[in-house]
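Fold and geometry: a report
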Amino acid sequence: MVNTKLKNQIDDRQIQIFKALADPIRLEIIEYLKHTDHEIACGEVGRAVDISKTSGSYHFNLLESAGLINTRREAREKYVTLNKSTFDKYVTDFYQNI
């Protein structure tokens, strides 16, 4: 029998991930990051997908909360990479198809 509390946590995590993936801008960000083989500044990603700094902050925060990206702050700049393990665990084969 599955522990109900654990089942609810997994379901909540999956819901958060799929909500984050349900936006075309966030999908564009993920696709851009997939084709980048190194850590990249949020501002550079924002310029590449043509979004404002405010909009970028909003989208990066949602992606980070869902565990889809890893972030690192250095001085005033924030750097991001994809968290491939989240894709592997929750959205099997999605990563390969974007």
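Please refer to the structure higher up on the page.
Computed from a prediction, not measured in an experiment: that's the story for all the values here. Sequence positions are assigned chain by chain, starting from 1 and proceeding in written order. pLDDT decides what is reported in this predicted model: residues at 70 or higher carry local features, side-chain atom pairs at 80 or more are listed and counted, and totals for whole chains, interfaces and linings draw on all residues regardless. Each side-chain value is derived from all of the structure's non-hydrogen atoms; neither hydrogens nor water enter the calculation.

Here we come to the nonpolar core. Side chains of a nonpolar character, in soluble globular proteins, are inclined to be buried together. As used here, the term nonpolar core means buried Ala, Val, Leu, Ile, Met, Phe, Trp, Tyr and Cys residues forming a set that is joined through side-chain atoms within 4.5 Å. Each residue is assigned to one of three classes by its accessible area relative to the maximum for its type, calculated with a 1.4 Å probe on protein chains only: buried under 20%, partly exposed between the two thresholds, exposed over 50%. Formed by 21 residues in total, the largest nonpolar core has its most connected members in Ile-29, Leu-33, Leu-68 and Val-80. Secondary structure elements are taken from DSSP: a helix is a run of H or I of four residues or more, a strand is a run of E of two residues or more, and numbering for both begins at the N terminus. Put simply, the parts of the chain that give this core at least two residues each are α1 (4–21), α2 (24–34), α3 (42–48), α4 (53–65), β3 (77–82) and α5 (84–90). Residues are treated as being in contact if the distance between any of their heavy atoms lies within 4.5 Å. Non-local contacts of Leu-68, meaning those with residues more than four positions away in its chain, are made with Ile-17, Ala-20, Leu-21, Ile-30, Leu-63, Thr-81, Leu-82, Asn-83, Thr-86 and Phe-87.

Interaxial angle, 0 to 180 degrees, is taken between N-to-C directions of lines fitted to C-alpha atoms, where a helix line uses only the stretch in contact. Between α2 and α4, the least distance of the axes is 10 Å, while the angle of their chain directions is 75 degrees. Classified by the angle between their axes, α2 and α4 sit roughly perpendicular to one another. In this structure, α2 uses Ile-25, Arg-26, Ile-29 and Ile-30 to contact α4, whose residues at the interface are Tyr-58, His-59, Phe-60, Leu-62 and Leu-63. Each residue gets one label: Ala, Val, Leu, Ile, Met, Phe, Trp, Tyr, Cys and Pro are nonpolar, Asp, Glu, Lys and Arg are charged, and the others, such as Gly, are polar. Here the residues of the contact of α2 with α4 sort into seven nonpolar, one polar and one charged. Should an angle lie under 35 degrees it is considered roughly parallel, over 145 roughly antiparallel, and from 65 to 115 roughly perpendicular; all remaining angles are considered oblique.

This next bit is on the side chain of Lys-78. Here Lys-78 is to be found in strand β3. Among the polar contacts made by the side chain of Lys-78, one reaches the side chain of Asn-61 at a distance of 3.4 Å. Not counting residues up to four positions away in its chain, the partners in contact with Lys-78 are Ile-40, Ala-41, Cys-42, Asn-61, Glu-64, Thr-71, Arg-72 and Arg-73. Within 3.5 Å is the distance limit for a polar contact, defined as a pair of N or O atoms, with the added protein rule that one can donate a hydrogen and the other accept it, and that residues adjacent in sequence qualify only through two side-chain atoms.

On to unusual backbone geometry, then. Even without a glycine there, the phi angle at Asp-50 is positive, about 60 degrees. With respect to the element layout, Asp-50 can be found in the loop between α3 and α4. A relative accessible area of 71% means that Asp-50 is categorised as exposed. Phi is positive for Ala-75, close to 55 degrees, though the residue is something other than glycine. Of the residues examined, Ala-75 reaches a relative accessible area of 72% and is grouped as exposed.

With that settled, the discussion passes to the side chain of Asp-23. Turning to its location among the elements, Asp-23 is positioned in the loop between α1 and α2. Within this scheme the basic residues Lys and Arg register as positive and the acidic residues Asp and Glu register as negative, but His and the chain ends are omitted. Salt bridge, as used here, is a side-chain nitrogen of Lys or Arg placed within 4 Å of a carboxyl oxygen of Asp or Glu. Within the buried core, Asp-23 has no salt-bridge partner, and the shortest N-O distance to an opposite charge, that of Arg-26, equals 4.1 Å. Here Ile-25 takes part through its backbone nitrogen, which lies 2.8 Å from a polar atom of the side chain of Asp-23.

This part takes up the sheet that holds strand β2 (residues 69–74). Ordered by their spatial adjacency, three strands build an open sheet running β1-β3-β2, and the pairing between neighbours is antiparallel. The open sheet has two edge strands, β1 (40–41) and β2, and neither has a second partner. With two bridges connecting them, β1 and β3 associate as antiparallel partners. Each residue of the ladder has a partner; that of Ala-41, found in β3, is Tyr-79. Packed onto the sheet, α2 meets β1, β2 and β3 and runs at close to 80 degrees relative to β3. For two strands to be treated as a pair, DSSP must find no fewer than two bridges joining them.

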